[in-house]
Amino acid sequence: MFGVPSVLVADPVDSLLLRLLSERGFEVEYRPKVSREELLREAHRFDVLVVRSRTRVDSELLKAATSLKVVARAGAGLDNIDLEAARRLGVKVVYSAGASQSVAELTIGLLVAAFRMIPLYDRLVKLGEWPKGRYPGRELAGKTLGVIGFGRIGSRVAKLAKALGMHVLAYDKRDIAGEAREAGAEPSSLSYLLSESHAITLHVPLTRETYRMISWRELEAMRDGAVLVNTSRGAVVDGRALLSALNSGKLAAAAVDVLEHEPPKESWEKELIAHPKVIATPHIGAETSEARRRIAAELAEAIARELGDELG
Ligand code: NAD
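All figures in this text were calculated on a predicted structure; none of them were measured in a lab. (Residues numbered from 1 in each chain as written. Predicted model: local features only at pLDDT ≥ 70, side-chain atom pairs only at ≥ 80, totals over all residues. Heavy atoms only, no water.)

**Quick word on the packing of helix H5 (residues 100-116) against helix H7 (residues 152-163)**
Stage number 1. In the contact formed by H5 and H7, the axes pass within 9 Å of each other and the chain directions differ by 50°. When the axes of H5 and H7 are compared, the pair comes out oblique. Seen along the crossing, H5 lies across H7 with a hand that is right-handed. Contact residues: Ser100, Gln101, Val103, Ala104, Glu105, Thr107 and Ile108 in H5; Arg152, Ile153, Arg156, Val157, Leu160 and Ala161 in H7.
Stage number 2. Within the contact of H5 with H7, the residues separate by chemical class into 7 nonpolar, 3 polar and 3 charged. (Axes fitted to C-alpha atoms, helices over the stretch in contact; angles between N-to-C directions. Helix = DSSP H or I, 4+ residues; strand = E, 2+ residues; numbered from the N terminus. Parallel < 35°, antiparallel > 145°, perpendicular 65-115°, else oblique. Left-handed = near helix turned anticlockwise from the far one by under 90°. Contact = heavy atoms within 4.5 Å. Nonpolar A, V, L, I, M, F, W, Y, C, P; charged D, E, K, R; others polar.)

**Quick word on a positive patch on the surface**
Stage number 1. Where like charges cluster on the molecular surface, the positive patch consists of Arg156, Lys159, Arg293 and Arg294.
Stage number 2. For the positive patch, the secondary-structure elements that each account for two or more residues are H7 and helix H13 (289-311).
Stage number 3. With respect to the helices and strands, Lys159 occurs in helix H7. (Patch = residues over 30% accessible without salt bridge, like charges linked within 9 Å, V, L, I, M, F, W, Y side chains within 5 Å. Areas by Shrake-Rupley, 256 points an atom, 1.4 Å probe, with all protein chains shown as cover. Salt bridge = Lys/Arg side-chain N within 4 Å of Asp/Glu carboxyl O. Lys, Arg positive; Asp, Glu negative; His and termini not counted. Charge placed at Lys NZ, Arg CZ, Asp CG, Glu CD.)

**Quick notes on the sheet that holds strand S2 (residues 27-30)**
Stage number 1. The strand order across the open sheet formed by 5 strands is S2-S1-S3-S4-S5, and the pairing between neighbours is parallel. Single-partner strands in this sheet number two, and they are S2 and strand S5 (92-95). Taken pair by pair, the neighbouring strands of this sheet meet at an average axis angle of 20°, ignoring direction.
Stage number 2. Two strands pair when backbone bridges link them, and strand S4 (residues 70-73) and S5 are joined in this way by 4 bridges, in the parallel orientation. (Pairing = 2+ DSSP bridges.)

**Concerning the nonpolar core**
Stage number 1. Of all hydrophobic cores here, the largest spans 28 residues; its most connected members are Leu111, Leu145, Phe150 and Val227.
Stage number 2. For this core, the secondary structure elements donating two or more residues are H5, strand S6 (144-148), H7, strand S7 (167-171), helix H8 (177-183), strand S10 (226-230) and strand S11 (251-256).
Stage number 3. At 8 residues, H5 tops the list of elements feeding residues into this core.
Stage number 4. In this structure Val227 touches Ala114, Phe115, Arg138, His198, Ala199, Ile200, Ala252 and Ala253, once residues within four positions along its chain are discounted. (Core = buried A, V, L, I, M, F, W, Y, C linked by side-chain atoms within 4.5 Å. Buried < 20%, exposed > 50% of the residue type's maximum accessible area, 1.4 Å probe, protein only.)

**Quick notes on the packing of aromatic side chains**
Stage number 1. All chains considered together, the criterion is met by 1 aromatic pair.
Stage number 2. Between the NZ or CZ atom of Arg138 and the centre of the ring of Phe115, over which it lies, the distance is 4.6 Å. (Phe/Tyr/Trp six-rings, centres within 6.5 Å; stacked < 30°, edge-to-face > 60°. Lys NZ or Arg CZ within 6 Å of the ring centre and 35° of its normal.)

**Digging into the domain arrangement of the protein chain**
Stage number 1. For the protein chain, the assigned domains read domain 1 (6-98 + 290-306) and domain 2 (100-280).
Stage number 2. Using C-alpha coordinates to define each centre, domain 1 is positioned 31 Å away from domain 2.
Stage number 3. With 7 residues of domain 1 at the interface, the matching set in domain 2 holds 5 residues.
Stage number 4. Here domain 1 meets domain 2 over a buried area of about 560 Å², counting both sides, of which 37% is carbon and sulfur.
Stage number 5. Inspection of the domain 1/domain 2 interface yields 1 salt bridge.
Stage number 6. Across the salt bridge formed by Asp79 and Arg233, the nearest N and O atoms sit 3.0 Å from each other.
Stage number 7. Our count for the contact surface shared by domain 1 and domain 2 stands at 2 residue pairs in polar contact (both at pLDDT 80 or more).
Stage number 8. For the side of domain 1 that touches domain 2, the per-class residue count stands at 3 nonpolar, 2 polar and 2 charged. (Domains from an automatic or database assignment. Buried area = accessible area lost by both parts, 1.4 Å probe. Polar contact = N/O pair within 3.5 Å; in protein donor to acceptor, adjacent residues only side chain to side chain.)

**Considerations on the pattern of salt bridges**
Stage number 1. Taken as a whole and assessed by the stated rule, the structure comprises 24 salt bridges.
Stage number 2. For the salt bridge of Asp122 with Lys126, the shortest nitrogen-to-oxygen distance reads 2.5 Å. One end of the pair, Asp122, and the other, Lys126, are both in helix H6 (residues 118-126), 4 residues apart, so they sit about a helical turn from each other.

**Let's talk about the packing of helix H11 (residues 239-247) against helix H12 (residues 267-274)**
Stage number 1. Taken N-terminus to C-terminus, the directions of H11 and H12 make an angle of 40°; their axes are 9 Å apart at the nearest point. Taken as axis vectors, H11 and H12 run oblique relative to one another. Helix-helix and strand crossings are classified by hand; for H11 and H12 the assignment is left-handed. Across the interface between the two elements, Gly239, Arg240, Leu242, Leu243 and Leu246 of H11 pack against Trp268, Glu271 and Leu272 of H12.
Stage number 2. Of the residues belonging to the contact of H11 with H12, the class tally is 5 nonpolar, 1 polar and 2 charged.

**Observations concerning the side chain of Asn80**
Stage number 1. Take Asn80: it is sitting in the loop between S4 and helix H4 (83-89).
Stage number 2. What Asn80 contacts, discounting residues up to four positions off in sequence, is Val51, Arg52, Ser53, Thr55, Arg56, Val57 and Arg73.

**So, the side chain of Asn230**
Stage number 1. Mapping Asn230 onto the fold places it in strand S10.
Stage number 2. Among the residues examined, Asn230 registers a relative accessible area of 2% and is labelled buried.
Stage number 3. Side-chain polar atoms of Asn230 contact the side chain of Ser232, separated by 2.7 Å.
Stage number 4. In contact with Asn230, not counting residues within four places along its chain, are Leu202, Val237, Ala255, Val256, Asp257 and Val258.

See below:
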């Protein structure tokens, strides 16, 4: 070893992660609100940079961080990290997928909430109304759920949806025939999934390919009255096209845990979350005590492993 490794935690993380890193003998600086300017100025002092989705780890930052050995993402999406630049500069990138079950459960919760209009009824009851039976809901059982992106989260959503009696269509760019069979899902083309599903849920990473992969054409191809759930990344859906599909009645409802800008910045994003047919949550897919604990433990382990390889 060459001295005590220093870790900068640049986004809000569970205190357990800070404790686990300190227990491993790392010198930890916790600065969850550190500005971009401060980061660029001070990044050179650290061996490890821990981020969630707030901090953009681009090539400018990676070049400024001249001692950096590991970037650790407390979560699963790596779209805020320039993986190519990290590879070029010899910086390892580690992450934790410990939130998969939490995200899958939130997805099912949003589906049920949309099919039964739970947030709408809750609002009305709190306003003193008792609108029993005003808006008939729909059951999930017997309906078709389209899962786009059949990785860790998508496959869990499929298993949960099967347990609720749904028929599940699965689309992925990989060959997922075996995995789909194991989860009781039917592998599908994107176009068949779009036209057949009563509800569609997105579980792809945000990449150049998936940026706005659900736009005007895809929304138009969906079944009338379909429900769209997005717990992946906001920019996977073209928000303006989604607004239009909700306003025209093409879609019955949408549930979004993620936006292209968080918190919302553009007027169409603000309009989207205020829309009566939209259920919006503030990127809480991974925000359970179980996921936080799992992520903390997995990440501390992964950082120690990488530094061990690097230094010893
Ligand atoms: P994963 O890597 O296990 O699965 C992603 C799947 O998408 C893979 O099977 C991959 O082949 C597929 N895919 C990639 N590009 C595709 C394309 N162009 N077309 C079709 N399929 C494609 O990832 P995961 O752990 O299941 O997470 C999925 C995403 O969920 C993450 O990338 C992240 O953005 C998001 N996420 C959100 C939250 C939240 O808080 N809401 C939490 C964790 C993860």
